Amino acid sequence: MDAHVADRTYVDDIRLEARGRGSKIGLLLRKAFDRVAAALDKCGCQLQVKKCAGMASTPRARRCLKKHLKGTGVRVCLHARDLGVDASPGLRRTKMQQGRTAKALGRAQRL
């Protein structure tokens, strides 16, 4: 029997980020999302949209982002888990993130 090698490609984390004002940001992110999705599809990778999240620092920006990402399956939220780390736009931080930071500072002082 001949040996067989299966080649698999995994993309673990992709982050799209845009800064600015106005509805152009939502449109730019949608275009970037579509390009990334097409590139992943082309190389045979599956985009798991249920693990994707869109975040914005203001309610107006979230509405704009939600409008432009409509039909993609990407959820727009205030915070999301990014490889075990809580991510949040703007000045807001989650209680969980604050707790983890305090715990890490406590450990650092003991070292």
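Below you will find a few notes about this structure. Everything numeric here is computed off the predicted structure, so don't read it as measured data.

Rules used throughout
- Residues numbered from 1 in each chain as written.
- Predicted model: local features only at pLDDT ≥ 70, side-chain atom pairs only at ≥ 80, totals over all residues.
- Heavy atoms only, no water.
- Helix = DSSP H or I, 4+ residues; strand = E, 2+ residues; numbered from the N terminus.
- Buried < 20%, exposed > 50% of the residue type's maximum accessible area, 1.4 Å probe, protein only.
- Contact = heavy atoms within 4.5 Å.
- Polar contact = N/O pair within 3.5 Å; in protein donor to acceptor, adjacent residues only side chain to side chain.
- Salt bridge = Lys/Arg side-chain N within 4 Å of Asp/Glu carboxyl O.
- Expected span 1.5 Å × (residues − 1).
- Arc of directions from axis to C-beta.
- Core = buried A, V, L, I, M, F, W, Y, C linked by side-chain atoms within 4.5 Å.
- Disulfide = S-S within 2.5 Å.

### Quick word on the side chain of His68
Then, number 1: Following the sequence through the fold, His68 ends up in helix H2 (residues 59-68).
Then, number 2: In this structure His68 comes out as buried when scored by relative accessible area, which is 16%.
Then, number 3: Sequence-distant contacts of His68, that is, excluding residues within four places in its chain, are made with Ser23, Gly26, Leu27 and Arg30.

### Considerations on the side chain of Thr72
Then, number 1: Here Thr72 is to be found in the loop between H2 and strand E2 (75-76).
Then, number 2: What makes Thr72 buried here is its relative accessible area of 13%.
Then, number 3: In this structure the side chain of Thr72 is engaged in a polar contact, spanning 2.6 Å, whose partner is the backbone oxygen of Leu69.

### Focus: the pattern of salt bridges
Then, number 1: On inspection of all chains with the given rule, the structure shows 3 salt bridges.
Then, number 2: The shortest N-O distance in the salt bridge between Arg15 and Glu17 comes to 3.3 Å.
Then, number 3: The salt bridge partner of Asp34 is Arg30, with a shortest N-O separation of 3.1 Å. You can see Asp34 and its partner Arg30 sitting in helix H1 (residues 24-42), 4 residues apart, about one turn around the helix.
Then, number 4: Within this structure, Arg15, Glu17 and Arg19 form a network of salt bridges that share partners.

### Examining H1
Then, number 1: With 19 residues, H1 should reach 27 Å at 1.5 Å per residue; the first-to-last C-alpha distance of 27 Å fits that figure.
Then, number 2: The complete set of buried residues in H1 reads Ile25, Gly26, Leu29, Ala32, Phe33 and Leu40. All buried residues of H1 project into a common sector of 125 degrees when viewed along the axis, lining one side. Residues of H1 that are exposed and point more than 90 degrees away from the buried face comprise Lys24, Leu28, Arg35, Asp41 and Lys42.
Then, number 3: With its phi angle positive at about 85 degrees, Gly44 sits one or two positions after the end of H1.

### Here we look at the nonpolar core
Then, number 1: Formed by Ile25, Leu29, Phe33, Cys52, Ala56, Leu65, Leu69 and Val74, the largest nonpolar core amounts to 8 residues.
Then, number 2: In terms of residue count, H1 provides more of this core than any other element does, 3 residues in total.

### Points about the state of the cysteines
Covalent bonding between the sulfur atoms of two cysteines defines a disulfide.
Then, number 1: Per the counting criterion, the structure on display carries 0 disulfides.
Then, number 2: Among the cysteines around Cys43, which has no disulfide bond, Cys45 carries the closest sulfur, lying 3.5 Å off.
Then, number 3: Accessibility expressed as a relative area gives 46% for Cys43, which makes it partly exposed.

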